[in-house]
Amino acid sequence: MRIDVISLFPDFIAQCAVFGVTGRAVERGLLSLHGWNPRDHAQGNYRRVDDRPFGGGPGMVMLIDPLRSALNAARAADPRPVRTIYLSPQGAPLTQAKVHELAGRERLLLLCGRYEGIDERLIAAEVDEELSIGDYVLSGGELAAAVVVDAVARLQEGALNDAESAVQDSFEDGFLDCPHYTRPVSHELGSVPDVLMSGNHGDIARWRRQQSLVRTMRRRPDLFDESALSKADRKLLEQWRAEQAE
Ligand SMILES: NC(=O)c1ccc(NCc2cccc(O)c2)nc1
């Protein structure tokens, strides 16, 4: 998979290719990252990339032409079709389902805004979809782009080693993850739940699933739709409720 990133701070994104799973995916040739700086495409002595907003107001807006020129250079660098994504608080929420869709593509082109954002005409003409990593404002889209890079990199075949890929990404099926414990069994902070020490893999799997269900119900009611639960999940939830009532 090839990811091109348009950013005033290309080194920021280059760092993604150095560490951890993403760095390993690049090393293994599963992913290539390419940064493009709109400033290299800006005209004139001052190489302007932003200007004041029409209609007044604070801050600056990124100019169309340097971004458009950088976008075209990135597109032209590889013949394969590419999806252009703009990271902004005004975008659709990034979900694991969307990450899966993006991870299946040959190419992504991530556009990072700074300042107050970019001229709307560029978004309308050049952006395929606008995505947000959460309801908060960052100083630039680069951290959001890095999140997309990490999330899609780890889904590349061969990016995760066996131990990691064994991780049940609970978000995969729309539920929060269960609690995890490791040595020591007893600690001043508490003990490990007995079921995890039982060696009974059926009980352990049921307990973990029950924990995921209950956590999701309690912490993320927006993600939890009891009517959509399977019979088995419904049973686990009933058992938990009965235990709570004891
Ligand atoms: N939630 C996000 O994905 C996100 C993305 C970018 C960003 N900052 C740059 C920016 C870009 C566009 C408009 C704008 O107001 C700010 N902040 C948060």
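A short tour of the structure in this document, coming up.

Calculation notes
- Per chain, the residues get numbers from 1 upward, laid out in the order the sequence is written.
- Local features in this predicted model are restricted to residues of pLDDT 70 or higher, and side-chain atom pairs are both shown and tallied only at a pLDDT of 80 or more, whereas totals for entire chains, interfaces and linings draw on every residue.
- Based on all heavy atoms of the structure, the side-chain values leave hydrogens and waters out of the count.
- Secondary structure elements are taken from DSSP: a helix is a run of H or I of four residues or more, a strand is a run of E of two residues or more, and numbering for both begins at the N terminus.
- For the radius of gyration, the atom set is restricted to C-alpha positions; the globular benchmark scales as 2.2 Å times the number of residues to the power 0.38.
- Under the scheme applied here, a residue whose accessible area is under 20% of the maximum for its type counts as buried, over 50% as exposed, and between as partly exposed, the area being computed with a 1.4 Å probe on protein chains only.
- In this analysis an axis means a line fitted to C-alpha atoms, helices contributing only their contacting stretch, and an angle means the value between N-to-C directions, from 0 to 180 degrees.
- Roughly parallel refers to an angle under 35 degrees, roughly antiparallel to one over 145, roughly perpendicular to one between 65 and 115, and oblique to any angle outside these ranges.
- When checking whether two residues touch, look at their non-hydrogen atoms; a contact exists if any pair is within 4.5 Å.
- Just so you know the grouping, Ala, Val, Leu, Ile, Met, Phe, Trp, Tyr, Cys and Pro go in nonpolar, Asp, Glu, Lys and Arg go in charged, and all remaining residues, Gly too, go in polar.
- What makes a patch is a set of residues exposed beyond 30% relative accessible area and free of salt bridges, joined within 9 Å when like-charged and within 5 Å when nonpolar (Val, Leu, Ile, Met, Phe, Trp, Tyr).
- Each accessible area is a Shrake-Rupley estimate made with a 1.4 Å probe; only the visible protein chains count as cover when residues are assessed.
- For this document, the term salt bridge refers to a Lys or Arg side-chain nitrogen within 4 Å of an Asp or Glu carboxyl oxygen.
- What the arc describes is the spread of directions from the helix axis to the C-beta atoms.

Broken down by element type, the protein chain carries 10 helices and 9 strands. Radius of gyration (C-alpha) of the protein chain: 23 Å, far over the 18 Å computed for a compact globule of 246 residues. Overall, the C-alpha framework of the protein chain stretches about 75 × 45 × 40 Å when taken along its three principal axes. By residue count, 39% of the 246 residues in the protein chain fall in the buried class.

Two numbers describe how helix H9 (residues 201-219) lies on helix H10 (residues 231-245): the axes approach to 9 Å, and their chain directions differ by 80°. Relative to H10, H9 is oriented roughly perpendicular. Two secondary-structure elements touch here, H9 through Arg206, Arg209, Gln210, Leu213, Val214, Met217 and Arg218 and H10 through Asp233, Leu236, Leu237, Gln239, Trp240, Arg241 and Glu243. Partitioning the contact of H9 with H10 into residue classes produces 6 nonpolar, 2 polar and 6 charged.

In this section: a nonpolar patch on the surface. Together, Phe9, Phe12, Tyr136, Leu138 and Leu143 make up an exposed nonpolar region whose accessible area comes to about 450 Å². Tracing the sequence through the fold places Leu143 in helix H6 (residues 142-153).

Relative orientation of the contacting elements helix H4 (residues 96-103) and H6 amounts to 75°, with a least axis distance of 9 Å. With respect to their mutual orientation, H4 and H6 come out roughly perpendicular. Packed against H4, whose contacting residues are Val99, Leu102 and Ala103, the element H6 presents Val148, Ala151 and Val152 at the interface.

Moving on to helix H2 (residues 20-27). Buried within H2 are the following residues: Thr22, Gly23 and Ala25. Each buried residue of H2 sits inside an arc of 160° when the element is viewed along its axis, so together they form one side. Across H2 from its buried face, at more than 90 degrees, point the exposed residues Gly20 and Glu27.

Bringing the pattern of salt bridges into the picture now. By the definition in use, this model includes 19 salt bridges. The closest approach of N and O atoms between Asp222 and Arg220, which form a salt bridge, is 2.8 Å. Under the relative-accessibility criterion, Arg220 is labelled partly exposed at 30%. Here Glu238 and Arg241 are joined by a salt bridge, their closest N and O atoms 3.3 Å apart. Pair noted here: Glu238 and Arg241 are both in helix H10, with a separation of 3 residues, about one helical turn. Residue class for Arg241 comes out partly exposed when judged on its relative accessible area of 30%. Overlapping salt bridges bring together Arg83, Lys98, Glu101, Arg105 and Glu129 as one network.

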